[in-house]
Amino acid sequence: MDILINTFPDEKVLDGLTFEKVKLKYGTGRSSTFSTLNGKKTSYRHGVMTEIGDIEVSVWMQIVECLIRKANETELYNNLFEWVADTMNWSDNEIERRKYALELHAARIFDNPKWIYYIAFNQKYRKL
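Residues numbered from 1 in each chain as written. Predicted model: local features only at pLDDT ≥ 70, side-chain atom pairs only at ≥ 80, totals over all residues. Heavy atoms only, no water.

Draft legend 1. Region of the structure containing the pattern of salt bridges. Taken as a whole, this structure holds 10 salt bridges when the rule is applied. Between Asp 54 and Arg 45 there is a salt bridge whose closest N-O contact spans 3.0 Å. Asp 54 gets classed as buried once you look at its relative accessible area, which sits at 1%. One salt-bridge network, in which partners are shared between bridges, spans Arg 30, Arg 45 and Asp 54. (Salt bridge = Lys/Arg side-chain N within 4 Å of Asp/Glu carboxyl O. Buried < 20%, exposed > 50% of the residue type's maximum accessible area, 1.4 Å probe, protein only.)

Below is the structure:
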């Protein structure tokens, strides 16, 4: 059974989390139907599967942002977001860009020499 996380966890849970545990494996979606006085209603939940379970997208984003702050990597994330905004031509949506930058950050893409932009990004922002 999958663990579903739909709300932001308390601080004790966050203490044990790492980027590795919350990096995105794949996107998830769950449809649910419920009865109301006016008939049946349907809702859809977008999530991301991680090592710790299926986390609702906005909650996952908050968790990764919290880990970034705890790791004192806000400047690095801002640089990565700027890079994404400059190179991500497939979307003008600010939230999509933010989510994508968080995905890359949680995956530690900037430390992976196989990343296509590894040299360019690190020379520009990390002076490697």
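Draft legend 2. The arrangement of helix 6 (residues 118-126) in detail. Those residues of helix 6 lying buried are Phe 121, Asn 122 and Tyr 125. In a view along the axis of helix 6, the buried residues occupy a sector of 90°, so they form one face of it. (Helix = DSSP H or I, 4+ residues; strand = E, 2+ residues; numbered from the N terminus. Arc of directions from axis to C-beta.)

Draft legend 3. Representation of the sheet that holds strand 4 (residues 53-56) within the structure. A sheet is described by the order of its strands in space; here four strands give the open sequence 1-4-3-2, paired in mixed fashion. The sheet is open, and its two borders are formed by strand 1 (4-5) and strand 2 (26-36), each paired with just one other strand. Together, strand 1, strand 3 (39-50) and strand 4 form the strand contacts of helix 3 (residues 57-70), whose direction differs from that of strand 4 by roughly 95°. (Pairing = 2+ DSSP bridges. Contact = heavy atoms within 4.5 Å. Axes fitted to C-alpha atoms, helices over the stretch in contact; angles between N-to-C directions.)

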